[in-house]
Amino acid sequence: MLNGLDIEGNSPLHRMPARGKLVLLFTAAIGLFLLSDLRILAPVLALCAALYLSTGIGLAEAFRRTRFVLFTVVLVAAANYFLHSPHEALAVFCRLCALVLLAAAVTATTGISAFMDEIARLIAPLERFGFVRAADVSLAVGLVIRFVPEILARYGEIVAAHRARGLPVRPLTTLVPLIILTLKDADTIAMAIDARGFRRQ
Amino acid sequence: MTTRDLVLVALFAAIMVVLGLLPPITLGFIPVPITAQSLGPMLAGCILGARRGMLSMLLFLLLVAIGLPVLSGGRGGFAVLAGPTGGYIVGWAFGALVCGLIAQRLVREGQNEVAQIAAFVAAAFVGGVAVVYLFGLAWLSYATGGAFLPALVASATFLPGDLIKVGIAALAGRAVLAGYPLLPQRA
Amino acid sequence: MEIVFTAATVRYAGRVALHPLDLTLGERRIGVVGLNGSGKTTMARLINGLVKPTGGAVTVAGLDTVRDEAAARGRTGFIFQNPQHQMILPVLAEDIAFGLKNRGLGKAEIAERTEAILARFNIAHLARRRVHELSGGETQLGAIASVLVTGPDLLILDEPTNQLDIKNRALIERTIAGLPEQALVITHDLALLEGFERVLVFHEGRLAADDRPAAAIRAYREIAAC
């Protein structure tokens, strides 16, 4: 039911390893905010837009995915226009849009399993200190994806029960049983996991 | 970490995803509808406690980062985190942590109902509102080059909605404590 | 494979779930019946180490369930009542493969063994399906496959057909009948016990009867009536 936001393709960004893309994003998050020259920022924005479209996502979907965030960027830039200067506003606009589009490009070209593999690699050194185990993280992610449909269905049943009794559907009367019933399952699910010896300590 | 804790963390993150699929809560007297999902961090802290609450929010953050469309409205991926509201989403984890710490310290199972609700209100407000805003505004300031105060003022429009959230979360936290207590009690 | 209980007891705060039990099990098909709270589930969970004895000991193929916990658990598989709680990854094939990944097997071998177990239970067509779309019986079969893929000698099934409709019940019955592995089945569904070699009847934490199916079930009915 939950599908990743990555799309099929063979663009340069697709072929780039996950780690490289993360480094690129991180560098941009810092680098962009050190620049204020519009003569550099504007072309960088154009480059990021081009990169995003080079993934093959198509203009409509590209816009659909980012319109909400871009709207907030416009708001923020507008605030800057009134509080500081047009130059500031444009700089903010360019920086944030560039970062957002680059980020969207990375998301569109990196699959979930590629991310999970990279996370496992990043966590490996931390495992030695006993903070967290890569196997636990991937198990946790799997569990979430596995149980979202069941929990959603359970919510539907709770709402149906409300309607059958003529009760108004309110957050408190629906969310409380949803949470209790869902968390109660934790014991049996944990037992099933332990019975299969998944988490050899 | 016990398997049971791991499953609780995962199930709560899954609940968070489901909250994102529910329609927004509209109440006539507030300007902006409340997304059910924004209740998540407060519920996580009040119900699971500090450690598990924070971990469930971090797990949720991870799901967003790896490109699953789990944020309200089917959004996800790095774009949302990179945008102006990214800080709030990261703030959810720390908000749940602080909310949980306060709830764990103040709430006792033997107390009367009003005292428990008051404690949850305090926990939900400090963790779910103050801490989340701190992170949200920090990133917003960085992203916009320092306009902290105006952003803070602009956030005031969301305050009435946030106070309603605090109320709902506190009442829900108390109800879950009565029905299936999971909150660790630590002096 | 032999399972030996030596004065095995399980005591919870203020309650004895299982009184000291001395028992040796080695048959291919063992049934366990009893009222709810009779100790039958506790006894089954002692075998795979989910419950530890508060007194006495339990050994599985000579391995002590406390001292050699991991090794003992590796020899048994456990199927729970609710199929939904056992499949923990979204896609069936992933869930099956996950058990193998943790054992350090290579990708090719994992894929091979996953395919083999799916074929064995005729659910190869369900491999890439999302677990929440499967019927109760299909999910239970999937759970059985996930558990058996790691090669345990004994399969313990705790009320496996409780939540299934009549058609899926028959499916699981046939599957259990056809298992080459040793099976211990706790059940309220007495029809499931046909052809079993030995049936244990538990009552109030004690072994009340231990006989061939017909005699044991008679004893169970007498106990349950009072």
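In what follows, the accompanying structure is described. Note that this is a predicted model, so its numbers are computed, not measured.

Along its length, chain C carries seven helices and ten strands. The globule rule puts the C-alpha radius of gyration for 226 residues at 17 Å, and the 18 Å found for chain C is close to it. Principal axes of the C-alpha set define a box for chain C whose edges measure 50 × 40 × 30 Å. The proportion of buried residues among the 226 residues of chain C is 47%. Residue pairs in contact within chain C that sit at least 24 positions apart in sequence constitute 65% of those at least 6 positions apart.

Residues and elements named next belong to chain C. Strand order in the open sheet formed by six strands is β6-β7-β8-β3-β9-β10, with mixed pairing between adjacent strands. For this open sheet the edge positions go to β6 (76-79) and β10 (206-211), each flanked by a neighbour on one side alone. Direction aside, the axes of adjacent strands within the sheet are offset by 15° on average. Where strand β9 (residues 198-203) and β10 come together, five bridges link them in antiparallel fashion. Residue pairing across strands places Phe202 opposite Leu207, the latter belonging to β10.

Before going further, it helps to examine helix α3 (residues 50-65) of chain B. Taking 1.5 Å per residue as the helical rise, α3 of chain B with its 16 residues ought to reach 22 Å, and the 22 Å between its terminal C-alpha atoms agrees with that figure. Across the 16 residues of α3 of chain B, twelve count as buried, placing the element largely inside the fold. Turning to α3 of chain B, the residues buried within the fold contact α7 (134-164) of chain A together with α1 (3-21), α2 (40-48), α4 (78-82) and α5 (86-106) of chain B. Backbone geometry just downstream of α3 of chain B places Gly67 of chain B in the positive-phi region, at approximately 95°.

A separate point is the environment of Gly161 of chain B. Counting through the fold element by element, Gly161 of chain B comes out in helix α8 (residues 159-179). Sequence separation between Gly161 of chain B and Thr35 of chain B is 126 residues; the distance between their C-alpha atoms is 9.8 Å.

Two quantities define a packed helix pair, namely the angle between the axes and the distance from one axis to the other. With their axes 10 Å apart at the nearest point, helix α8 (residues 171-184) of chain A and α1 of chain B run at an angle of 145° to one another. You can see that α8 of chain A and α1 of chain B cross each other, and the crossing is right-handed. Only Leu8, Leu11 and Ile15 of chain B of α1 of chain B make contact with α8 of chain A, whose side of the interface consists of Ile179, Thr182 and Leu183 of chain A. Grouping the constituent residues of the contact of α8 of chain A with α1 of chain B by class yields five nonpolar, one polar and no charged.

Another aspect to go through is the nonpolar core. Among the nonpolar cores identified, the biggest contains 193 residues, and Val100 and Val144 of chain A together with Ala10, Ala13, Ala14 and Ala124 of chain B are the most heavily contacted of them. In terms of residues, this core owes the most to one element, helix α5 (residues 86-109) of chain A, which gives 17 residues. Among residues more than four places away in sequence, those in contact with Ala13 of chain B are Val144 of chain A together with Ser56, Leu59, Phe60 and Leu63 of chain B.

Residue and element names in this part refer to chain C. Positive phi, normally seen in glycine, also occurs at Glu159, with a value near 50°. The phi angle at Glu204 is positive, at roughly 50°, despite the residue not being glycine. With respect to the helices and strands, the residue Glu204 is situated in the loop between β9 and β10. Classification of Glu204 by C-beta neighbours within 10 Å gives partly exposed; the count is 13.

Opposite the 21 residues of chain C that make contact, chain A presents 20 residues. When grouped by side-chain class, the residues that make up the side of chain C that touches chain A number ten nonpolar, nine polar and two charged.

A separate point is the interface of chain B and chain A. Each side of the interface is counted separately: chain B has 49 residues, and chain A has 56 residues. Looking at the side of chain B that touches chain A, the elements that each hand over two or more residues are α1, α3, α4, α6 (113-144) and α8 of chain B. Looking at which element gives the most residues to the side of chain B that touches chain A, the answer is α1 of chain B, with 14 residues. By residue class, the composition of the side of chain B that touches chain A is 37 nonpolar, ten polar and two charged.

Cut-offs applied
- Residues numbered from 1 in each chain as written.
- Chains lettered and ligands numbered in written order.
- Predicted model: local features only at pLDDT ≥ 70, side-chain atom pairs only at ≥ 80, totals over all residues.
- Helix = DSSP H or I, 4+ residues; strand = E, 2+ residues; numbered from the N terminus.
- Rg over C-alpha atoms; globule rule 2.2 N^0.38 Å.
- Buried ≥ 20, exposed ≤ 12 C-beta atoms within 10 Å, placed from the backbone.
- Contact = placed C-beta atoms within 7 Å.
- Pairing = 2+ DSSP bridges.
- Axes fitted to C-alpha atoms, helices over the stretch in contact; angles between N-to-C directions.
- Expected span 1.5 Å × (residues − 1).
- Left-handed = near helix turned anticlockwise from the far one by under 90°.
- Nonpolar A, V, L, I, M, F, W, Y, C, P; charged D, E, K, R; others polar.
- Core = buried A, V, L, I, M, F, W, Y, C linked by C-beta atoms within 7 Å.

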